[in-house]
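A structural walkthrough
Chain by chain, the residues:
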Amino acid sequence: MASHCSLSTLFPIQSQLDNALDDAATQQEKEDLVLSYLKKIDEREDLKIPDFQTGLEWLNTEEPLSLSKELAGKVVLLDFFTYCCINCMHIFPDLHQLEKRHSAEDGLVIIGVHSAKFPNEKVLDNIRSAVLRYDIRHPVVNDNEASLWHHLEVSCWPTLVLLGPCGKLLFSLVGEGHSDRLTLFTDAALRHYRELGQLKSHSVGIKLYRDSLPPSILSFPGKVAVDHRSKNLAIADTGHHRIVVVSPTGQLLHTVGGPERGREDGDLSEASFNSPQGVAIKGDTVYVADTENHLIRKVDLAQGRVSTLAGVGSQGTDKEGGAMGPQQPIGSPWDLTLGTAGESLRHNVLWIAMAGTHQIWALFLADGKLPRGGVMAWDCFAVSGSGRSALIIGTLIASLYLKILKQNNLFAFGDVDGKGVDAKLQHPLGVAWAREQSLLYVADSYNHKIKVVDPKTKQCTTLAGTGEAGDTLGPQFSATCFNEPGGLCVSGKHLYVADTNNHKIKLLNLDSNTVSLVYSAAVAPLGATKVPTLPKSAARKDLPPVSASEGQTVVMSLTASLPKGAKLTQEAPSCWALSAEGEKKTLTLPTDVLHWSNQTSSVCLCKTIWVFLLILL
């Protein structure tokens, strides 16, 4: 790159403005200070930054963007982020509000500059999944070698940099919690350069990847939990903003919330969530970490009601707590589990991984007792962590793993099986404690593996996964591929995995060393065509019996002959479905929708079926 300035050139200038703004009493005084500052910036000739390197990978655009071409005449906001960072996630709502307030035609363009921390985050497909998961609707460039990051001397995630219409540095904001100042700076810059006639109203070629995706049964499921009595599963269908409850055989029992994000309590049919993550289930009650609503919710399936147990609906920064649950602000609860504190009542407390403050919190559901004394029902407070941790551990027991291995360097990542500190993981997001085996199962998310830790020997070994992102379903553990698995739960011989980026829940049978799918097509793909009910007079074709074991693959090919002159068209999509009937149960298999235009009178369909019940007889 040619020689250009860095943020170190800007900081001394902006620090004077920041100090003056802290002392300003009125909004008009603040706006006048920013306008005066911008006039001084206009006189500087040493604040122009380099353009994006050629050959970088872009998302949400029709073509790569350039500061000297497509972005010339625009106020450009650069968001330096890495997709695992909770602080980066916290400013996405601020950016979304800015995009609603000012369009590209108004003169503002937001660019996400993805500057990876982990090797796994440099891969374009993984960034694409994150863009979809966080509903990012502005252009994102994969600066996989962090070239612009280093050139501008960016030092932490997130960092926001506002540029003028000629690519000159205007402002920088480091960290989260600056929404008011971000709005002030952006509004002032747009007004100032519009009055100078330097803004251009042309559009920028935005092409959202999300618009080309087919409907899916699940969307980025973050966590999964099991009720140890009924064996029912609660699934956080995070991308669909809903909670799904299925039977052990995959039969749909309940769906609550979705498809749009929201924050409503009340009847199951009216309730809504916002990117829920952690779930815990006991009987007819599901507890939910409603992450982006900053709430802990309770789903009472027997009463058909959803209520809020903790949080006020906006991000809290309190690192101590102590208020009653509904009055206690909390920040980005990521995972939770039921526990017991005291001797009077089992499962009287929710332990919560509070990602926003990097702590473990407790929400008491009934009176209990901790070493520091008695606790009343609905008390909500921090129990572990100073809140200053630089690394977010995505689930509350992951810290137990680090203690077992005596690993103190939270930035020592890798993919190494071994004992104690010799073992390495890469951004583990989920764990499950198997009480019967006294083993800790770990979702080694960025290594796309499931690992197991023996606390007695401190040995960490790979259980399943190849280390490469993929969606191969074994059937053996060693041949199975995952894609950033984010959640785990265990019940006897069954280990359930929320295979997040594959949009699936997978079942690992710890006895037979086989892998199968859990969810049923009864969980309808949102936006998918509903399968019509066939009339009784419909033709029925009986096939020879097929026997299949758990985890085995069955491939069925079907040729459908159409009447003469008939064809399939995109304008009138057709759908087809399969079902397999057994002696005791019926297994409904996923549906496909045909969008093919075909000039012939027959169409050949091929479907691979992963059998997870011994009922195909």
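Cut-offs applied
Residue indices begin from 1 for each chain and proceed along its sequence in written order. Per-residue local features are limited, in this predicted model, to residues with pLDDT of at least 70; the limit for side-chain atom pairs, both in listing and counting, is 80 or more; totals at the level of whole chains, interfaces and linings are taken over all residues. In computing side-chain values, all of the structure's heavy atoms are included and hydrogens and water are not. UniProt positions are given in the numbering used here, feature names are shortened, and annotations may be inferred rather than shown by experiment. Helix numbers and strand numbers start at the N terminus; a helix is a DSSP run of H or I with at least 4 residues, a strand a run of E with at least 2. Burial status follows relative accessibility: with a 1.4 Å probe on protein chains alone, a residue under 20% of its type maximum counts as buried, one over 50% as exposed, and anything between as partly exposed. What sets the accessible areas is the Shrake-Rupley method with a 1.4 Å probe; for residues, cover comes only from the shown protein chains. DSSP calls a pair of strands paired once it identifies at least 2 bridges connecting them. Orientation is described by axes fitted as lines to C-alpha atoms, over the contacting stretch for helices, and by angles from 0 to 180 degrees between their N-to-C directions. Note on contacts: a residue pair is in contact if any heavy atoms of the two residues lie within 4.5 Å. Between Lys or Arg on one side and Asp or Glu on the other, a salt bridge is scored when a side-chain nitrogen of the former is within 4 Å of a carboxyl oxygen of the latter. With the far helix as reference, a near helix turned anticlockwise by less than a right angle produces a left-handed crossing, and one turned clockwise produces a right-handed crossing. What we call a nonpolar core is a set of buried Ala, Val, Leu, Ile, Met, Phe, Trp, Tyr and Cys residues that are connected through their side-chain atoms within 4.5 Å. Every angle not falling under 35 degrees, over 145, or within 65 to 115 is termed oblique; those three ranges are roughly parallel, roughly antiparallel and roughly perpendicular. For this classification, Asp, Glu, Lys and Arg are treated as charged, while Ala, Val, Leu, Ile, Met, Phe, Trp, Tyr, Cys and Pro are nonpolar and the rest, including Gly, are polar. Geometry of aromatic contacts follows a simple scheme: Phe, Tyr and Trp rings, the Trp one being its six-membered ring, pair when their centres are within 6.5 Å, and the pair is stacked under 30 degrees between planes, edge-to-face over 60, tilted otherwise.

The name given to the protein in an unreviewed UniProt entry is NHL repeat-containing protein 2, with the source organism recorded as Fundulus heteroclitus. The Subunit (unreviewed entry) comment attached to the protein in UniProt states, word for word, "Monomer." According to its UniProt record, the protein has this under Function (unreviewed entry): "Required for normal embryonic development."

1. Remarks on the overall build of the protein
On a plain count of helices and strands, the protein comes out with seven helices and 37 strands. The burial tally for the protein puts 53% of its 617 residues in the buried class. Element-wise, carbon and sulfur atoms account for 50% of the exposed surface of the protein, whose accessible area totals about 28,200 Å².

2. What to know about the sheet that holds strand β1 (residues 57-59)
Consider a sheet: its strands pair through backbone hydrogen bonds, and that pairing is either parallel or antiparallel. With mixed pairing, six strands are arranged side by side in an open sheet as β1-β4-β3-β2-β5-β6. The open sheet has two free edges, formed respectively by β1 and β6 (169-174), since each of these has just one partner strand. Across the sheet, the mean angle separating the axes of adjacent strands is 20° when strand polarity is ignored. Contacts from helix α6 (residues 179-195) reach β2 (75-81), β3 (108-114), β5 (159-163) and β6 within the one sheet, and its direction differs from that of β6 by about 170°.

3. Some details on the pattern of salt bridges
It is possible for side chains of opposite charge to pair when their charged atoms get near one another. Applying the stated criterion to the full structure yields 19 salt bridges. A salt bridge links D125 to R128; its shortest N-O distance comes to 2.5 Å. Highlighted residues: D125 and R128, both in helix α4 (residues 124-133), separated by three residues, approximately one helical turn. Residue classification places R128 among the buried positions, given a relative accessible area of 18%. Ionic contacts of the salt-bridge type, sharing partners, join the residues D415, D417, D444, K449 and K451 into one network.

4. Some points on the packing of helix α1 (residues 7-23) against α6
Where α1 meets α6, the closest approach of the two axes is 13 Å, and the angle between their N-to-C directions is 115°. Crossing of α1 against α6: the hand is right-handed. Between α1, through Q14, L17, D18, L21 and D22, and α6, the contact on the second element is made entirely by R181, L184 and F185.

5. Some points on the nonpolar core
Grouped together as the largest cluster of nonpolar side chains are 76 residues, with contacts concentrated most on F52, L78 and I111. When neighbours within four sequence positions are excluded, F52 is seen to be in contact with W58, L65, L67, L71, L78, I111, V113, V141 and L148. Counting residues in each nonpolar core, the second largest holds 18 residues, with A443, L488, V490 and L495 among its members.

6. Details of the packing of α1 against helix α2 (residues 27-42)
Where α1 contacts α2, the two axes come as close as 10 Å, and the packing angle between them is 165°. In terms of orientation, α1 lies roughly antiparallel with respect to α2. Considering only the axes of α1 and α2, their crossing is right-handed. The residues of α2 that touch α1, namely those facing L10, I13, Q14, L17, A20 and L21, are K30, L33, V34, Y37 and I41. Tallied by class, residues from the contact of α1 with α2 come to nine nonpolar, one polar and one charged.

7. Some thoughts on the packing of aromatic side chains
Overall, the coordinates contain 11 aromatic pairs when judged by the stated rule. Summarising the aromatic geometry, the rings of F80 and W149 are spaced 6.5 Å apart at their centres and angled 65° between planes, so their arrangement reads as edge-to-face. One end of the pair, F80, is in strand β2; the other, W149, is in helix α5 (residues 147-151), and 69 residues separate them in sequence. Among the residues examined, F80 registers a relative accessible area of 0% and is labelled buried. The class of W149 is buried, set by a relative accessible area of 8%. A network of ring pairs unites the aromatic residues Y83, F118, F413 and Y446 as a single cluster.

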